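The primary structure of each chain is shown beneath.
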Amino acid sequence: GGLLAEHDFRPLSLSAVSAAAASSLRRSWGLAAVDRRPAASPTPASAAPRGARSADAGRRKVDLWNELLDLQGRIAEAGSRRTPEVASLHHRAAELQEALGNKDQALAAFEKACALDPLRPAWSMDLALAVQRKGDLPRAEKLLDALLRTPLDAASGVTAADVHCALAELFLRQGDRPKAHDAAQRALAADPRHAAALRLREQAGRSQK
C-alpha cells in the first residue's frame, strides 16, 4: 500500500478461505457482493485500441519492477552467501533488468550470476550476449570463444550452433562478412537445420556479392 519506515512495518499473514466464507465476511462488513460474471473474451492484439495496448505495456512494466524489487530484497537477505540459489536470483534479476532496458545493471547481474555459478553454459552465453549488446565486441568474442571450448550437451541449454551464430552476428556488426559467413557455416555443420544460421549465412553471403 505504500512505503513505510522500518519501525512502522508490520508483517501480515495470509490464509486462503472459501468463496462462501469470503461472501459471508463481506456481508458482515457491509460490503457489496463480488460480481463473478464470466470474463469477456480477450480482444485480439491486432484489434485492441492503441490505448489498451499502452496500458497493457504499462502494467507489464510494473509487474517487472515489482518482481525485480522482490528479488533485490531476497538478494540483500542472502548477503555474502555463494550458493546456486543466490546465483539464480542474480540471473533472474539480470533478465528483468534487461527487459526493463537497464543494460548496465543487467550486465552487472549476469556477471555476478556467472561468478557465483560459473558452470552454466547458458548463463555464460547470456553474459556474452549482454556484453555484445553493450558494444564491447572484443570481450564478447573472447567469451564466446571460451564457451566453444567447454563441453556443450543437451543439458547445457545452449548448443555449439548457437555460439557460432552469436559469433556470426558479432562479425557482421564488425563488418567482417567472410568471418560471419564462416561462423554461420560452422553453425550449420553442427546443426544443418538451425534457422538463425541459415539466415546469417544468407545475409553474410549477400553482403559479399
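Small disclaimer: the values here were computed from a predicted structure and weren't measured. (Residues numbered from 1 in each chain as written. Predicted model: local features only at pLDDT ≥ 70, side-chain atom pairs only at ≥ 80, totals over all residues. Heavy atoms only, no water.)

Novice: Would you take a moment to explain the overall build of the protein for this structure?
Specialist: Scanning the protein from N- to C-terminus turns up 9 helices and 0 strands. For the protein, the N- to C-terminal ordering of α and β elements is α-α-α-α-α-α-α-α-α. Relative to its full complement of 209 residues, the protein shows a buried share of 29%. Sequence separation of at least 24 residues holds for 49% of the intrachain contacts in the protein that already meet a minimum separation of 6. Accessible area for the protein stands at about 14,100 Å²; split by element, carbon and sulfur atoms hold 54% of it. (Helix = DSSP H or I, 4+ residues; strand = E, 2+ residues; numbered from the N terminus. Buried < 20%, exposed > 50% of the residue type's maximum accessible area, 1.4 Å probe, protein only. Contact = heavy atoms within 4.5 Å. Areas by Shrake-Rupley, 256 points an atom, 1.4 Å probe, with all protein chains shown as cover.)

Novice: Could you clarify how one ought to interpret the packing of aromatic side chains in this entry?
Specialist: Each pair of aromatic rings is reported with the distance of its centres and the angle of its planes. In the structure shown here, the tally under the stated rule is 0 aromatic pairs. The residue whose ring lies beneath R120 is W123, and the NZ or CZ to ring-centre distance is 4.1 Å. (Phe/Tyr/Trp six-rings, centres within 6.5 Å; stacked < 30°, edge-to-face > 60°. Lys NZ or Arg CZ within 6 Å of the ring centre and 35° of its normal.)

Novice: Is there a simple way to think about the layout of surface pockets in this case?
Specialist: The gaps of empty space that remain are located by a probe, the size of a water molecule, rolled over the atoms. Here the second largest pocket is characterised by a volume of approximately 150 Å³. If you go around the second largest pocket, the residues you meet are P118, L119, R120, P121, S124, L127, L143, A146, L147 and T150. Those elements giving two or more residues to the lining of the second largest pocket turn out to be α5 (121-133) and α6 (137-148). When grouped by side-chain class, the residues that make up the lining of the second largest pocket number 7 nonpolar, 2 polar and 1 charged. (1 Å grid on protein atoms, 1.4 Å probe; cavity = no way out; pocket = protein on both sides within 12 Å on 5 of 7 lines; lining within 4 Å. Points joined across faces, edges and corners; volume = space filled by probe spheres on them. Nonpolar A, V, L, I, M, F, W, Y, C, P; charged D, E, K, R; others polar.)

Novice: Even after reading the chapter, I still don't get the side chain of H164, so can you show me in this structure?
Specialist: For H164, the location among the structural elements is in helix α7 (residues 160-174). Using a relative accessible area of 13% as the deciding quantity, one classes H164 as buried. Those residues in contact with H164 that lie beyond four places of it in its chain are L148, A183, R186 and A187.

Novice: Would you explain helix α4 (residues 103-116) in this entry?
Specialist: Since one α-helical turn is 3.6 residues long, residues separated by three or four positions face the same way. Taking 1.5 Å of rise per residue, 14 residues should cover 20 Å, and α4 covers 20 Å from first to last C-alpha, within 8% of that figure. Restricting attention to buried positions, one finds in α4 the residues A106, L107, A109, F110, A113, C114 and L116. Of the surrounding elements, those touching the buried residues of α4 are α3 (84-99) and α5. (Expected span 1.5 Å × (residues − 1).)

Novice: I'm lost on empty space enclosed by the protein in this one. Help?
Specialist: Scanning the model with the defined rule gives 1 cavity of 30 Å³ or more in all. By volume, the largest cavity amounts to about 40 Å³. Lining the largest cavity are E98, K103, A106, L107, A130, R133 and K134. Broken down by element, the residue count for the lining of the largest cavity peaks at 3 residues, all from α4. Grouping the constituent residues of the lining of the largest cavity by class yields 3 nonpolar, no polar and 4 charged.

Novice: Help me out: how do you make sense of the packing of α3 against α4 in this one?
Specialist: Angle between the axes and distance between the axes: these two values describe a pair of packed helices. α4 packs onto α3 with a crossing angle of 160° between their chain directions and a minimal axis gap of 8 Å. Comparing their axes, α4 and α3 come out roughly antiparallel. Where α3 crosses over α4, the handedness of that crossing is left-handed. Across from V86, A87, H90, H91, A93, A94, E95, Q97 and E98 in α3, the residues of α4 making contact are Q105, A106, A109, F110, K112, A113 and L116. (Axes fitted to C-alpha atoms, helices over the stretch in contact; angles between N-to-C directions. Parallel < 35°, antiparallel > 145°, perpendicular 65-115°, else oblique. Left-handed = near helix turned anticlockwise from the far one by under 90°.)

Novice: How do you make sense of the nonpolar core when you look at a structure like this?
Specialist: Within soluble globular proteins, side chains that are nonpolar tend to cluster in buried spots. Judged by nonpolar contacts, the single largest core of 38 residues is most densely connected at M125, L127, L144, V163, L170, F171 and L200. Broken down by secondary-structure element, the contributors of at least two residues to this core are α3, α4, α5, α6, α7, α8 (177-190) and α9 (195-208). By residue number, the principal contributor to this core is α7, which donates 9 residues. When sequence neighbours within four positions are dropped, the list of residues in contact with L200 reads C165, A168, E169, L172 and A184. Judged by nonpolar contacts, the second largest core, of 8 residues, contains L64, L71, I75 and L89. (Core = buried A, V, L, I, M, F, W, Y, C linked by side-chain atoms within 4.5 Å.)

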